[in-house]
Amino acid sequence: MFENLSEKLEGAIRTLKGSNRITEVNVANTIKEIRRALLDADVNYKVAKDFTDSVKEKALGQKIQIAVEPGQMLVKIVYDELTQLMGGTKQDINLSGNPAIVLMAGLQGSGKTTFSAKLAHYLKKQNKRVLLVACDVYRPAAIEQLKTLGQQLDIEVYSEPENKNPVEIAQHAVEYAKQNKYQVVIVDTAGRLAVDEEMMDEISRLKETLQPSETLFVVDAMTGQDAVNTAKAFYDRIQYDGVVLTKLDGDARGGAALSIRAVVDRPIKFIGTGEKVGDLDVFHPDRMASRILGMGDVVSLVERA
Amino acid sequence: EKTKQNFFSRLGRAIVGKSKVDDEVLDELENILIAADVGVDTTLKIIRRIEARVQRDKYVNTAELNRILREEIAALLAENQTEELNDFELPPRDTPYVMLVVGVNGVGKTTTIGKLAAQFKQKGKKVMLGAADTFRAAAVDQLKMWGERAGVPVVELGMGKDPASVAYEATKRALEEKADLLIIDTAGRLHNKTNLMNELAKIKRTIQKLIPDAPHEVLLVLDGSTGQNAVIQAREFTKVTDVSAIAITKLDGTAKGGVVIGISDEFKIPIKYIGVGEKIEDLQIFNRYEFVDSLFEENA
Ligand SMILES: Nc1nc2c(ncn2[C@@H]2O[C@H](COP(=O)(O)OP(=O)(O)OP(=O)(O)O)[C@@H](O)[C@H]2O)c(=O)[nH]1
Ligand SMILES: Nc1nc2c(ncn2[C@@H]2O[C@H](COP(=O)(O)OP(=O)(O)OP(=O)(O)O)[C@@H](O)[C@H]2O)c(=O)[nH]1
Ligand SMILES: [Mg+2]
Ligand SMILES: [Mg+2]
């Protein structure tokens, strides 16, 4: 099902051979294959269509250099466009404020709690004093989960097991952080669906109250077509600053990365690459582009073009 | 509550009295299916089946088209499935019915187990749970809380223990205490991690030392918001554990879970349960016609 795109393109590209210009007619098949590769990678169908339309526009009428295969040239255009779409200027996490507050948000099971611990670990290694806050008052053993991770990392976890009000808990935690000279407060929250009015209201109240310097939307790299709806709905409510893409140690092609980027203009700041606390990485748009296209060899292919 | 509008009527109007489905309608159908994560291959397969049916039957009206669409898509959902479940039921046995629950990280395995335990307990079954996720932080605590909610005992050896040993111990206890049903929770694992996948095979072998034909059901839990990667998950988990049933979770959101159509068709695995929320009662028996209808419901 997921053959390498370059293999799939071979047939389509044959129609381009011998021609010295990319035209509407000879490029149609290739564009179709590219669109299909994007769909197989779970890029949202509307995003995929807009994207291939713009690639076609860029490609049309371009002169094919003698030395280069026309197919390769097209793939290069696609790859460059993808990279650019997901890239732009690299933005770091904003840790202004005393303490700086980082708020997590996302669907159930996307990896918020794990990522909270990973980020705490990452910042601790930069000699920051970090406090983790357990604001998921719903999921069974959510507090214990964060506490266990905190213990592993030797990072304090603030929790109020009897309190069912996350906004209050978070406010108290910030007070506590100020008194104890913590520099960064990372607030883990419960997973929620974008259609759950009450829960969306809760996260937006958390954001209002805490005024975090950084709000991160945590999303599973395996997410399908719904990624755009969810990303948009969360953005409408809490205007998050960045996206975290988790579980990239799997073999999902991760089209969600492109889809989200197309509907909300927010950078992907970190990726999760495993279950352990050290499995955090910064986001590389070019690697993501080859991953979405399903071609490990895209870089060498492109270098020749 | 989501307000939903039915696509069928609109599609029907565009097609009434025609002996051929025009391209515009097919394009719209294609978009709807792709947007529901059905995937390109399965979508094309469905469209070809619809085209063939319409060409053969001619003069379809709205009602007929609805029926054809539902039938053709539903047919792909495990065509070979002999018994559709009507309720939470177990085949009669002398020894415990052992269910092994597997899946990638965070899909809803533990939650689904809690819900299943409650359902079967309500049916008067003696249910036990085995806490073989000894890896993820507080995994055992989480299962124990579900055990309390459902009112069923949980067999555990604590965190960090060998999952196969826990499975063995749980099976032994279930035999001793003459349980009707033992459900074993496992740690989430990505299917491309060979060592973790082999661990599942080991759990299976260990259970078989006590009950040779166990596990009687290997339930693969898929997250309803997962896209095409679910196909690979189904393939890889089937390789090591002979997955025999599927549960799709989180269908209370806007994701449709359409990827299971192709999975069910390709691997002939029946879908048994759907998760529609985080509460203990939020588990339903899968109904293929309702599922197909939900693919065409628009989220306002
Ligand atoms: N393989 C892998 N697993 C991950 C990664 N990030 C998180 N996980 C796993 O995914 C599962 C869910 O992670 P959690 O951190 O509990 O997710 P959550 O968003 O806090 O979940 P809820 O609080 O229930 O909404 C756990 O099994 C984690 O170990 C990752 O980058 N790679
Ligand atoms: N909305 C909704 N949430 C669900 C459903 N099923 C599970 N969840 C939530 O999804 C999150 C993950 O569920 P778990 O049961 O911990 O998933 P798991 O597969 O056991 O996770 P790991 O053991 O970490 O791999 C939790 O927040 C659950 O409450 C469902 O049907 N609907
Ligand atoms: Mg959590
Ligand atoms: Mg679990």
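Residues numbered from 1 in each chain as written. Chains lettered and ligands numbered in written order. Predicted model: local features only at pLDDT ≥ 70, side-chain atom pairs only at ≥ 80, totals over all residues. Heavy atoms only, no water.

Here the second largest pocket defines a volume of roughly 610 Å³. In terms of lining, the second largest pocket is formed by 21 residues, of which the most central are Lys32, Arg35, Arg36 and Leu39 of chain A together with Glu30 of chain B. Residue assignment for the lining of the second largest pocket shows that the elements contributing at least two residues are helix H2 (24–40) and helix H3 (45–59) of chain A together with helix H2 (23–35) and helix H3 (40–57) of chain B. With eight residues, the top contributor of residues to the lining of the second largest pocket is H2 of chain A. Considered class by class, the residues forming the lining of the second largest pocket number seven nonpolar, three polar and eleven charged. (1 Å grid on protein atoms, 1.4 Å probe; cavity = no way out; pocket = protein on both sides within 12 Å on 5 of 7 lines; lining within 4 Å. Points joined across faces, edges and corners; volume = space filled by probe spheres on them. Helix = DSSP H or I, 4+ residues; strand = E, 2+ residues; numbered from the N terminus. Nonpolar A, V, L, I, M, F, W, Y, C, P; charged D, E, K, R; others polar.)

Attention now goes to the sheet that holds strand S1 (residues 100–106) of chain A. Two orientations exist for strands paired in a sheet by backbone hydrogen bonds: parallel and antiparallel. Residue and element names in this part refer to chain A. Read from one edge of the open sheet, eight strands run S3-S2-S4-S1-S5-S6-S7-S8, paired in mixed fashion. Lying at the two open borders of the sheet, with one neighbouring strand each, are strand S3 (157–158) and strand S8 (280–282). Where strand S6 (residues 242–246) and strand S7 (residues 268–272) come together, three bridges link them in parallel fashion. Of the residues in S7, the one forming a bridge with Val244 is Phe270. Set on the sheet, helix H6 (residues 142–153) makes contact with strand S2 (130–135), S3 and strand S4 (184–189); between it and S2 the angle comes to about 165 degrees. Most of the contacts of helix H7 (residues 166–179) go to S2, to which it runs at about 165 degrees, and overall it touches S1, S2, S3 and S4. (Pairing = 2+ DSSP bridges. Contact = heavy atoms within 4.5 Å. Axes fitted to C-alpha atoms, helices over the stretch in contact; angles between N-to-C directions.)

What surrounds ligand 2 is a group of 23 residues, the closest being Gly108, Lys109, Thr110, Thr111 and Glu278 of chain B. At the site occupied by ligand 2, the surrounding residues belong to chains A and B. At a separation of 3.4 Å, a nitrogen atom of ligand 2 approaches a polar side-chain atom of Gln108 of chain A. Val276 of chain B is positioned such that a nitrogen or oxygen atom in its backbone is 3.4 Å from an oxygen atom of ligand 2. Notes on ligand 2: free accessible area 660 Å², of which the protein chains cover 96%. Tallying contributions element by element places helix H5 (residues 109–122) of chain B first for the shell around ligand 2, with four residues. (Near = heavy atom within 4 Å. Polar contact = N/O pair within 3.5 Å; in protein donor to acceptor, adjacent residues only side chain to side chain. Areas by Shrake-Rupley, 256 points an atom, 1.4 Å probe, with all protein chains shown as cover.)

Now for the site of ligand 1. Surveying the vicinity of ligand 1 reveals 24 residues, the closest of which are Gly111, Lys112, Thr113, Thr114 and Arg139 of chain A. The local environment of ligand 1 is shared, drawing residues from chains A and B. Taking Thr113 of chain A, its side chain carries an N or O atom lying 2.7 Å from an oxygen atom of ligand 1. Within the side chain of Thr114 of chain A, a nitrogen or oxygen atom sits 2.5 Å from an oxygen atom of ligand 1. Contact with the protein chains covers 96% of the free accessible surface of ligand 1, which is 650 Å². Considering every element that reaches the shell around ligand 1, the biggest residue donor is helix H5 (residues 112–124) of chain A, with four residues. Residues that form the shell around ligand 1 fall into these classes: two nonpolar, 13 polar and nine charged.

Looking now at empty space enclosed by the protein. Taken as a whole, this structure holds six cavities of 30 Å³ or more when the rule is applied. Volume-wise, the largest cavity comes out at about 100 Å³. Residue lining of the largest cavity: Leu107, Leu193, Ala194, Val195, Asp226 and Thr230 of chain A together with Asp223, Ser225, Lys250, Gly253, Thr254 and Ala255 of chain B, and that is the complete set. Across the lining of the largest cavity, the residue classes tally to five nonpolar, four polar and three charged. Taken as a whole, the second largest cavity spans an internal volume of roughly 80 Å³. Lining the second largest cavity are Leu107, Gln108, Gly109, Ser110, Val219, Asp220, Thr223 and Lys247 of chain A together with Gly106, Asp223, Ser225 and Lys250 of chain B. Looking at side-chain class alone, the lining of the second largest cavity contains two nonpolar, six polar and four charged residues.

Opposite the 33 residues of chain A that make contact, chain B presents 40 residues. The contact between chain A and chain B buries some 3400 Å² in all, and 58% of this surface belongs to carbon and sulfur atoms. Close ionic contact of Arg36 of chain A with Asp41 of chain B constitutes a salt bridge, the shortest N to O distance being 2.5 Å. One can count 15 residue pairs in polar contact (both at pLDDT 80 or more) joining chain A with chain B. Among the secondary structure elements, those contributing two or more residues to the side of chain A that touches chain B are H2 and H6 of chain A. Residue composition of the side of chain A that touches chain B, by class: twelve nonpolar, ten polar and eleven charged. (Buried area = accessible area lost by both parts, 1.4 Å probe. Salt bridge = Lys/Arg side-chain N within 4 Å of Asp/Glu carboxyl O.)

Turning to unusual backbone geometry, a few remarks are in order. The omega angle of the peptide bond from Asn98 of chain A to Pro99 of chain A is 0 degrees, so this bond is cis rather than trans. Cis geometry marks the peptide bond from Ala214 of chain B to Pro215 of chain B; its omega dihedral reads -10 degrees. Tracing the backbone shows Pro215 of chain B in the loop between helix H8 (194–208) and strand S5 (217–223). Unusually for a residue other than glycine, Gln211 of chain A sits at a positive phi of about 45 degrees. Here Gln211 of chain A shows up in the loop between helix H8 (197–210) and strand S5 (214–220).

Residue and element names in this part refer to chain B. Pairing within the open sheet is mixed, and its eight strands lie in the order S3-S2-S4-S1-S5-S6-S7-S8. Looking at which strands have only one partner, the edges of the open sheet turn out to be strand S3 (154–155) and strand S8 (283–285). Relative to strand S7 (residues 271–275), strand S6 (residues 245–249) runs parallel, the two sharing three bridges. Across the sheet, the residue bridging to Ala247 is Tyr273, located in S7. Along the sheet, helix H6 (residues 139–150) makes contact with strand S2 (127–132), S3 and strand S4 (181–186), crossing S2 at roughly 170 degrees.

Turning next to the environment of Pro285 of chain A. Residue and element names in this part refer to chain A. Note that Pro285 resides in helix H11 (residues 285–293). Through-space distance from the C-alpha of Pro285 to that of Gln84 is 7.5 Å; in sequence the pair is 201 residues apart. Setting aside residues no more than four positions away along its own chain, Pro285 makes contact with Thr83, Met86 and Gly87.

Below, the discussion takes up the side chain of Asp282 of chain B. Residue and element names in this part refer to chain B. Relative to the helices and strands, Asp282 is located in the loop between S7 and S8. For the buried Asp282, no salt bridge is present, and the opposite-charge side chain at shortest range is Lys279, 4.1 Å distant. At 2.9 Å, the side chain of Asp282 and the backbone nitrogen of Lys279 are in polar contact. (Buried < 20%, exposed > 50% of the residue type's maximum accessible area, 1.4 Å probe, protein only. Lys, Arg positive; Asp, Glu negative; His and termini not counted.)

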